[in-house]
Every structure is written in C-alpha cells, then in structure tokens.
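Given next are the chains, with one letter for each unit.
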Amino acid sequence: MNVDSTRKKVFSKRLVRENSILVFLLTAILASVVFVPNFLSVFNIKNFFLQASDLLVIACGMTFIVLNGGIDFSVTSILALGSVVGAYIMALSPLAPFPMISIPVAIVVMLGLGAMVGAINGFSITVLKMPSFIATLATQMVFSGVAVLFTSRVASRASINGLPKAFFVIGGEGKYFLVPIVLAALVFLISYFTLQFTGFGRNVLSVGTNPKASFISGINVKKTIFMLCLLSGLYAGLASVIATGRNQAGIASLGDKMFISIIASIVIGGTSIGGGSGGFKQTLIGVFFITLINNTMNLLGVEWYITMLFQGILILVAAFADYMIRIRLSVRRG
Amino acid sequence: MKKVASLIALVSLLAALGSTSVFAADAKVKIGLSMDSLESAFWVATYDGAIAKAKALGVQIIPIMAEGDAAKQNQQMENLIAQKVTAIICAPKDGAAIVASIKKAQDAGIPVIMNNRPVQGNDVVPALSVLSDNYAMAKEVLKWFAEKAKKEGKKYKTILLIGNLADENAVERQKGHKEIIAAYKDVFNVVAEIPTEWNHEIALKGLQNALQANPDANLIITPSDFLYPPIRSALEQVKRWAKVGQKNHMAIVSFDGDEGGMQYLKDGYSEADAAQGATFTGEYCVEWAVKLSKGQKPANPVYRDPGIIVTMDNFKKVAPSVWSFKSLK
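Not measured: the values here are computed from a predicted model.

## Some points on the overall build of chain A
When you go through chain A residue by residue, the secondary structure sums to twelve helices and two strands. Counted from the first residue to the last, chain A has its helices and strands arranged as α-α-α-α-α-β-α-α-α-α-β-α-α-α. The globule rule puts the C-alpha radius of gyration for 334 residues at 20 Å, and the 20 Å found for chain A is close to it. The principal-axis extents of the C-alpha atoms in chain A amount to approximately 70 × 55 × 35 Å. The proportion of buried residues among the 334 residues of chain A is 54%. In chain A, once contacts between residues fewer than 6 apart in sequence are set aside, the share between residues at least 24 apart is 77%.

Given below as structure tokens:
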C-alpha cells in the first residue's frame, strides 16, 4: 500500500475537480450571456457582483471554519444582530443626529459584535469542549432572539429604517457600487494570502487534516481554533455592515435563510466539509456559481421552488462526492 | 460527481428557457409580481387574482416569492429591474427593508404598486398603494363585539395575538384592537399579549402558555385567520374548541376572511371576522400595473379597501360578498 501515491491521486483528482468546476462556471456564464435576456446589461452585471459581495465575505469567514473541520451556524445571527444594533446607533440613538460620528461607531460596534459572538463560540469549543455544531447552534438561537427582542423594544417593529444616506455608500448605492465589491475583493485576497503564505494558514490546514498530529507537532490547536472562530465572527460582522448598507435598514431577520447559500458556495466550490482541503479560490468559484444560479433563474422567470430544488441537489451531490473521496482515502490508508 | 452537479446546473439554465411565466399578446407590458410568500390562503387568493387578471388582459406577469427573506426580496426586485419590467407589484416581507429596491425601481423608471402591505417611512412614495384599511377594520370588528358584550352584560378575559411587527398591517391591526380595548375597559381585560411573528409554532407555544396561566380566559383576538391552526390546536388541548352557546366556548374575533376563518364563523366557532378583498386587490393591482405601464397615473396614490365586517349576526346577508365564500362547505 502506497499512501503517498494515493494522496497524489486524490490531490490530482481534486485539482481536476476544482478546475472542472471553473470550466463549468465559465460555460454557465457563457450560456447565460447567450441565452438569458438582459444578463449582460450594465445594471445586471453591477447587480451580480453586488449580490455576490456580502455572500463572499461571510463565506470566506465560514471557509476558515470548514477548513478546520468545523461549522459555524451563528454567522446568520451575527448578520441580524449587527444589522439592528448598527441601525439603532445610526437612526435612533443619541448619536443619530451626528452621522459623521454615528456611522463609524456603528461599524465598529457591528464588527465588535461579530468578534464577540466568535469569541463565545471559540471559548465554548476550546475550553468547554463543545462540538462546533452544538456551540454555534446555541449562539445562533440566542443572538437571533436577541436581535428580534432588541428591535421590538427600541422600534416596536422588526426593522429600523431612517439610516443616514452616507452609510448607503458601503452598500454600493448609485455611483458607489464599487465600494462593497472592492471590500469583498480585499477580504478575499487577505484570506487567500493568509491561508497560502502564512504560518497561521498552514496551521489551519494542518489542524483541519489531523488535530492530534498537529498538536504533537507543536501547533497550538486550541489557539488556532479560537482564532478561526473569532475571524468567522468578524467576517460575519463585516458582511452585516455591507448587507445593512445595501438594504438601507436594520433587519432583525437579516440572513435568516442565507445559511444554505453560504454552505452551498463552500461545498460546491470544492472545499471539503470534513476539513483539511480546499480554500478561498474554491469559495470564490462557489459564490459566483450560487449567485449565477439565483440571478439567471430570476431573469428567466423560473419558478422559485425550482431554484431552491437545484441548489439543494447541487449541495447533496457535491457533499457526496467529497464524502466518497474521503472514504477512499481512509480505506487505502487503513 | 461535482461534474454531474455542474452539468445539472448548466442544463437547468438552458432548460429553464421553457419554464417561464405567461407570454402574452401585449408584449409591451411586462409586470413583475414580488411577494413575500404563499403561506396563507389570503395570499394565494391575491396571487390567483393577479395571475388570472393578467391572463385576461393578455399581459406577461413574472411572479417571484421571497419565502420570508427581506434581503432576498430586495435582490429579486433588482433582478426584476434588470429584466426591464414595465411595472412591479410588491407585497413586501418588510415595509422598511423594501425601500432600497423601490428607490432603484423608480430610478430605473419602473412604477411600483404596493399590494396590501405599505412601505414604511417617507423616503419613497410608490406610484400606488392598494391597501386594506387595517386600522379601521380592526376597530370596527372589535367594536361590534364590544357593543354586543355590553348589551349582554358580559366581560372578557382577553388573549391578544399580534402579528409580525415588520408588517405594517400587523402594526395597524394591533393599534385598532388596542384602541377599542382601551375604550371598552369594562368589557376587555387583557390577560396575555402574544407576539406571533406570523409563525404557527411561536403562536401555538404562546397560546399554550397563556391558556395554562389563564384557564378562565374567554376571548381570543387574532390579527389573521392564518393563525387559526395553532388557535384550534391550543384550544382542543384544553377542551375549549367549542361552538357559540356551548359551555367551554372561547370567543374568537379574527381578521382576513379567508376560507378557514369564514368556515369557522359559519360553523359557529367564532363571532366575527373582518374580511379583506384578497382577490379584488390582486386584480386591481394588475389593472393599475397595466395603466401605469402605459403612462396613466392614479388620482390618489393610496387606495384603501374598506373590507367587509362579517359577524355571526349578519353572516347570511353579508358573507356571500366575501371572496372565500364560494369555497365554504
């Protein structure tokens, strides 16, 4: 039995798979250009990248966690909580009449809330030794509830509007459409380089592949996992800033139904749900794929449940493919 | 496998060419219909009315559902704008969050008609808002009940259900109910107030707790017939699902006039229902979407449907004019 040659085979299969997904994405884009009316209009292209921007940011944060073999359900609650607290600061708090102060304060608080939830998750997983599934599901439930309660108390409604117009720049309103796109691109590049070229990035992959071996090798596994949770929360906080700017309101249900798109982007792109392989390039491809499906299906007037059906099928197939590869690898190793 | 998945996506994109909405004679008019969901019979009736009217007028209509996701609805509205529709009918999940995409539609020269749920705030004024007079209807139906209770010398320990506060309709109905409750303090004693978020599970848990804490409660005020399933379930559990006149009867005052609510009223399980014109508003929105597409403007940007107050006393006379009547058994 030659573990090395098996690993090489699996690696080359993943390489082929990743590139084939890119080929399919490009083919799908070409098909959309040719067959989908209005796909290539300036308005739709702007829309496409704007719609992909907050998904990319939050998916990058989740990618760190998935590479480590974990999951983070709390990201959607961070979207909601950040949105309503930030909106409150900008529209209803004593700082509201001073947008030059309220906007930066709101942004810092939204990022801080994301980091706080991430830190709670990190603590639960590394110190209390809860599985990430349980820890982040618990924080998701708590902070989703807090978001709704907070909004109903401060606004007697489930959303807060009246945000300062200057804040909408972050959401890409009008001529500022490049702002969220550039922000998302920066987040992607920073994440990509961190994973590829830093010691922390190598630790992430190592811990994701084999936590025990990583520990024996001297990697501080707990610190790595804690930092990942913190990053995931922070990224979700940034996504909340962008999404709140785009929707121009603090929404207590923001991101409610977004989790499936986040996971779909990561899994379809080619990152292994078991951890240890994949990366941000794959997430970028996955985000574009999911955004393309939603965009073109809407443009074609396809029934909404068919779009959901296809997303679900794609996730199932991609996750099954990943499972088969991991099974083959472990059988040959054993 | 990934290749298969990608292939499925690719083929679906191409196959989806055939799976589109109604193509029709008047190719110049293309209406986008953006709705929250089809969770309740009321919305299904609105949707059916809109689709039927579009077919009758020979215009294309593109329906899209947000499935309860306000941010997704904004994205879907943007996609409708990209499709260069000539008008958009919108029943928003969240009246505040939808403002951003209405602005984009108006900037693109596309008139927007609000169906049933208004936009919140003053940042944007839709071309037309077709609304039920929720506040007036909620007041009227509860006032009828209060006057009847006064005549009969009855007092009611009341459980008040509240809808989703992102929905302006729920806010208006709550306002109307609470005004009458305050005006008839000798009739109503509110023992529990349950925010339901228009969610059956939340409503059921809230009702179970309220009935546990207040076993002698004898009136439920609900802002929508949509909440009847958890109401019935909770009452059956405590053996209080009984008709008017029976010992354990729980009085119910409702809103919407959908098939379920009207059937319970007909069968004697409830006292009154404020019926909205679901099918009519769907049809009216499409009529005006066509007119706005051709450059006409309404004299008044807000149309308020006064609705029909149906009670156990006037049922035979008034119920046949409600949209759901023909479906009753």
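## Focus: the domain arrangement of chain B
Residue and element names in this part refer to chain B. Domain annotation of chain B identifies domain 1 (16-131 + 278-304) and domain 2 (134-276 + 310-327). If you average the C-alpha positions of domain 1 and of domain 2, the two centres end up 30 Å apart. Of the residues lining the interface, 14 residues belong to domain 1; the matching set on domain 2 comes to twelve residues. Every element with two or more residues in the side of domain 1 that touches domain 2 is listed here: helix 2 (41-57) and helix 10 (278-293). By residue class, the composition of the side of domain 1 that touches domain 2 is six nonpolar, five polar and three charged.

## Considering unusual backbone geometry
Despite not being glycine, glutamine 248 of chain A shows a phi value in the positive range, around 60°. Tracing the sequence through the fold places glutamine 248 of chain A in the loop between helix 9 (221-247) and strand 2 (250-251). Positive phi values are uncommon outside glycine, yet lysine 84 of chain B reaches one of about 55°. Note on placement: lysine 84 of chain B falls in the loop between helix 3 (70-82) and strand 3 (87-91).

## Thoughts on helix 10 (residues 259-269) of chain A
Residues and elements named next belong to chain A. Taken across its eleven residues, helix 10 has nine buried, putting it largely inside the fold. The set of residues buried in helix 10 consists of Ser261, Ile262, Ile263, Ala264, Ser265, Ile266, Val267, Ile268 and Gly269. Downstream of helix 10 by one or two residues, glycine 270 has phi in the positive range, about 120°.

## Quick word on the sheet that holds strand 8 (residues 219-221) of chain B
Residue and element names in this part refer to chain B. An order of 7-6-8-9-10-12 is seen for the six strands of this open sheet, with the pairing classed as mixed. Every interior strand has two partners, whereas the edge strands, strand 7 (188-195) and strand 12 (308-311), have only one. Adjacent strand axes in the sheet meet at a mean angle of 15°, parallel and antiparallel pairs treated alike. Across three bridges, the pairing between strand 6 (residues 156-162) and strand 8 is parallel. Residue pairing in the sheet places threonine 158 in a bridge with leucine 219 of strand 8. Where helix 7 (residues 200-213) meets the sheet, it contacts strand 6 and strand 7, and its direction lies at approximately 145° from that of strand 7.

## Observations regarding the nonpolar core
With 206 residues, the main nonpolar core has Ile31 and Ile113 of chain B as its most contacted residues. With near-sequence residues (within four places) excluded, isoleucine 113 of chain B lies in contact with Ala87, Ile89, Cys90, Pro126, Ala127, Leu128, Val130, Cys285, Trp288 and Ala289 of chain B.

## Focus on the environment of glutamate 197 of chain B
Residue and element names in this part refer to chain B. Looking at where glutamate 197 falls in the secondary structure, it is placed in the loop between strand 7 and helix 7. The spatial distance from the C-alpha of glutamate 197 to the C-alpha of valine 141 is 22 Å, given a sequence separation of 56 residues. Sequence-distant contacts of glutamate 197, defined by excluding residues within four places in its chain, comprise Asn164 and Ile202.

## Structural notes on the pairing of strand 6 of chain B
All names here are of chain B. Counting buried positions along strand 6 yields six of seven residues, so the element is predominantly enclosed. Across seven bridges, the pairing between strand 6 and strand 7 is parallel. Residue pairing for strand 7: lysine 157 is matched across the bridge by asparagine 189.

## A word on the packing of helix 3 (residues 75-91) of chain A against helix 4 (residues 99-126) of chain A
Residue and element names in this part refer to chain A. Packing of helix 3 against helix 4 leaves a shortest axis separation of 9 Å and a crossing angle of 155°. Judged by the angle between their axes, helix 3 and helix 4 are roughly antiparallel. Between helix 3 and helix 4 lies a crossing of right-handed hand. Together, Ile78, Leu81, Gly82, Val85, Gly86, Ile89 and Met90 of helix 3 and Ser102, Ile103, Val105, Ala106, Val109, Met110, Leu113, Gly114 and Val117 of helix 4 make up the contact between the two elements. Broken down by class, the residue content of the contact of helix 3 with helix 4 amounts to twelve nonpolar, four polar and no charged.

## Quick word on the environment of leucine 238 of chain A
Residue and element names in this part refer to chain A. On the secondary structure map, leucine 238 appears in helix 9. The class for leucine 238 is buried, based on 25 C-beta atoms found within 10 Å. Along the sequence, leucine 238 and aspartate 54 sit 184 residues apart, while their C-alpha atoms lie 8.3 Å from each other.

## Remarks on the environment of alanine 108 of chain B
Relative to the assigned elements, alanine 108 of chain B resides in the loop between helix 4 (99-107) and strand 4 (112-115). For the pair alanine 108 of chain B and lysine 84 of chain B, spaced 24 residues apart in sequence, the C-alpha to C-alpha distance is 8.6 Å.

## Describing the pairing of strand 5 (residues 128-132) of chain B
Residues and elements named next belong to chain B. Along strand 5, five of the five residues are buried, which leaves the element largely enclosed by surrounding structure. Bridge analysis of strand 4 against strand 5 gives three bridges, and the strand direction is parallel. What sits directly across from isoleucine 113, in strand 5, is leucine 128. Where strand 5 lies against strand 11 (residues 302-305), four bridges are found, and the strand directions are parallel. Its bridge partner being in strand 11, serine 129 is matched across the sheet by valine 302.

Thresholds applied
- Residues numbered from 1 in each chain as written.
- Chains lettered and ligands numbered in written order.
- Predicted model: local features only at pLDDT ≥ 70, side-chain atom pairs only at ≥ 80, totals over all residues.
- Helix = DSSP H or I, 4+ residues; strand = E, 2+ residues; numbered from the N terminus.
- Rg over C-alpha atoms; globule rule 2.2 N^0.38 Å.
- Buried ≥ 20, exposed ≤ 12 C-beta atoms within 10 Å, placed from the backbone.
- Contact = placed C-beta atoms within 7 Å.
- Domains from an automatic or database assignment.
- Nonpolar A, V, L, I, M, F, W, Y, C, P; charged D, E, K, R; others polar.
- Pairing = 2+ DSSP bridges.
- Axes fitted to C-alpha atoms, helices over the stretch in contact; angles between N-to-C directions.
- Core = buried A, V, L, I, M, F, W, Y, C linked by C-beta atoms within 7 Å.
- Parallel < 35°, antiparallel > 145°, perpendicular 65-115°, else oblique.
- Left-handed = near helix turned anticlockwise from the far one by under 90°.

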